[in-house]
There are 2 protein chains.
Amino acid sequence: MNEAAVPDIVISRLPLYLQILNQMAKEGLHTISSKDLSERSGLSASQIRKDLSFFGGFGKQGQGYSIYHLLEQLQKILNMNRIWQVAVIGVGDLGRALTHYQGFANQGIEIVLLFDIDPKVVGSQVGSLNVQHTDHLEEEIRRSGVRMAILTVPVDAAQSIANRLVEAGVRAILNYAPVTLRLPDFVNVQHIDPVLHLQHMMYYLGND
Amino acid sequence: MNEAAVPDIVISRLPLYLQILNQMAKEGLHTISSKDLSERSGLSASQIRKDLSFFGGFGKQGQGYSIYHLLEQLQKILNMNRIWQVAVIGVGDLGRALTHYQGFANQGIEIVLLFDIDPKVVGSQVGSLNVQHTDHLEEEIRRSGVRMAILTVPVDAAQSIANRLVEAGVRAILNYAPVTLRLPDFVNVQHIDPVLHLQHMMYYLGND
DNA sequence: TAGATTGTTAATCGATTAACAATC
DNA sequence: TAGATTGTTAATCGATTAACAATC
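Below or above, wherever it landed, is the structure these notes cover. Treat the numbers as computed from the prediction; the structure is a model and nothing was measured. (Residues numbered from 1 in each chain as written. Chains lettered and ligands numbered in written order. Predicted model: local features only at pLDDT ≥ 70, side-chain atom pairs only at ≥ 80, totals over all residues. Heavy atoms only, no water.)

### Brief notes about the relation of the copies chain A and chain B
Quick reminder of the rule: A least-squares superposition brings the copies together, and it is based on the C-alpha atoms of residues with pLDDT no lower than 70 in both. A contact between two residues is defined here by any heavy atoms of the two lying within 4.5 Å.
Least-squares fitting of chain A to chain B yields an RMSD of 0.0 Å, with the transformation described by 0.0 Å of translation along the axis and a rotation of 180°. Accordingly, the operation relating the two chain copies is best matched by a two-fold axis. Both copies share a contact surface, since 100% of the interface residues of chain A are interface residues in chain B too.

Structure below.
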């Protein structure tokens, strides 16, 4: 981690702004006000202006923000002026779905390594990639210099694979296994778990 | 929404406690202290005690919490004393992966309806379910009384399908499409988007 | 009993919002 | 110019943490 000056909660909203701006660019729009962004994001205009001002004054009083310019700035802030190569560990249904997912293109993300332990899967082709055995994980990660990984292995394998990824140089892990990974502070971990989200919502549905 | 007394951020942590307690029960443990839970979750012991105390005093001074009892209480709070039926709209790779996902069993979640618009997919069998055409969405949701939905359709279809779901009675939507849905306040929406998480982490990876 | 750990209060910390001068 | 909207400050709001009496 490296929170330095800008709060992590601010950073977490930047990709959302990026997504909305991309959508608006696609719609052919050229400028946007914090009020427009507010309506599209559900966040307050005040908060959006404050978030952006952590990184500089990107707007013009009276006119708002240039979509093109703001996109460019956000991409730079998020280190998207390059492609980040990603390894996927666990090529089950979910790993396969992620490998085929079109939404990574143009977002600075490219899946370049696939690993599994199942002999029926190892050696098979998924998209344009060959699935390698998890035995070669360290070697391949080191060779390729991959720093990000997506973990879609069964819960019992997750922690030990995560440790090995970190050992091999991975510094950001997107974890789909339903377990809280315990890793050193210098590793970024994000957790995706539909069960947690669904149970969260169940609370509000009451019992009727 | 229905925040009443307990902050939403507290509710959002309950499923995580549940997950950890389930894991500990599986390990054969019987009691747990807020300190143990802290170590497994990465949250502070103080925060955990405060979160739980919103719902009552579940522990015993000097001993901690009974895992069994706490599990039971959390399940009740989250309305898990029943099975919540869920519709999946969009049976692509991701929708298919979710339908096959084993992690919903025993968590109060059951996928019971599948919809798609692609003639190659409509009518096909996925797991034990038949994929229906999205034309029948309202009719089937109403008939079955389903209140929760998972949205795995392309981004351009997401908002209009979401509107139709709400119209048909759905009150909780887990959205996998990369767009912010605009829905009435009485509908719960949660968003899962790996791109947002990966871009968030890219910030911290710097540029080396 | 002595030790451990809860439940809760008050203090601290941090994030959001409101307001408005600056300025395009 | 007049109107609109930013960037920023101060006020408010809410969440987390520290501390400790209660008590098992």
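### With respect to the pattern of salt bridges
Residue and element names in this part refer to chain A. The cut-off we apply is this: Just to be clear on terms, a salt bridge is a Lys or Arg side-chain nitrogen sitting within 4 Å of an Asp or Glu carboxyl oxygen. A run of DSSP states H or I qualifies as a helix once it reaches four residues; a run of E qualifies as a strand once it reaches two. Both are numbered from the N-terminal end. For every residue, the accessible area (1.4 Å probe, protein chains only) is compared with the maximum for its type, and the residue is labelled buried under 20%, exposed over 50%, or partly exposed between those bounds.
Summed over all chains, the structure comprises 12 salt bridges over all chains. Between arginine 40 and glutamate 27 there is a salt bridge whose closest N-O contact spans 2.8 Å. Placement of arginine 40 in helix H2 (residues 34-41) and of glutamate 27 in the loop between helix H1 (8-26) and strand E1 (31-32) is noted, with a sequence separation of 13 residues between them. Arginine 40 sits in the partly exposed class, given a relative accessible area of 27%.

### Overview of the protein's contact with DNA strand D
Cut-off, in case you're wondering: Proximity criterion: a residue is near a molecule or strand once any of its heavy atoms comes within 4 Å of it. Any pair of N or O atoms that falls within 3.5 Å is considered a polar contact. Within protein, one atom must be able to donate a hydrogen and the other to accept it, and sequence-neighbouring residues count only if both atoms are side-chain atoms. Gly falls in the polar group here, along with every residue not listed as nonpolar (Ala, Val, Leu, Ile, Met, Phe, Trp, Tyr, Cys, Pro) or charged (Asp, Glu, Lys, Arg).
Looking at DNA strand D, there are 26 residues lining it, with Ser34, Arg49, Gly59 and Tyr65 of chain A together with Ser46 of chain B nearest. Protein-adjacent atoms of DNA strand D, using a 4 Å cutoff, are sugar or phosphate at a proportion of 53%. Tyrosine 65 of chain A places a polar side-chain atom, nitrogen or oxygen, 2.8 Å from a phosphate oxygen of DNA strand D. A distance of 3.0 Å separates a phosphate oxygen of DNA strand D from a polar atom in the side chain of arginine 13 of chain B. Contributions of two or more residues to the surface near DNA strand D are made by helix H3 (45-53), strand E2 (59-60) and strand E3 (64-66) of chain A together with helix H1 (8-26) and helix H3 (45-53) of chain B. Tallying contributions element by element places H3 of chain B first for the surface near DNA strand D, with 4 residues. Its residues assigned to classes, the surface near DNA strand D comprises 4 nonpolar, 15 polar and 7 charged.

### Observations concerning the protein's contact with DNA strand C
Near DNA strand C lie 26 residues; those nearest to it are Ser46 and Gln47 of chain A together with Ser34, Gly59 and Tyr65 of chain B. Near the protein, within 4 Å, the atoms of DNA strand C are sugar or phosphate in 54% of cases. Between glycine 62 of chain B and DNA strand C, the recorded distance is 3.0 Å, taken from a backbone N or O atom to a sugar or linking oxygen. Of all elements in the fold, only H1 and H3 of chain A together with H3, strand E2 (59-60) and strand E3 (64-66) of chain B reach the threshold of two or more residues within the surface near DNA strand C. Ranked by residue count, the leading element in the surface near DNA strand C is H3 of chain A, at 4 residues.

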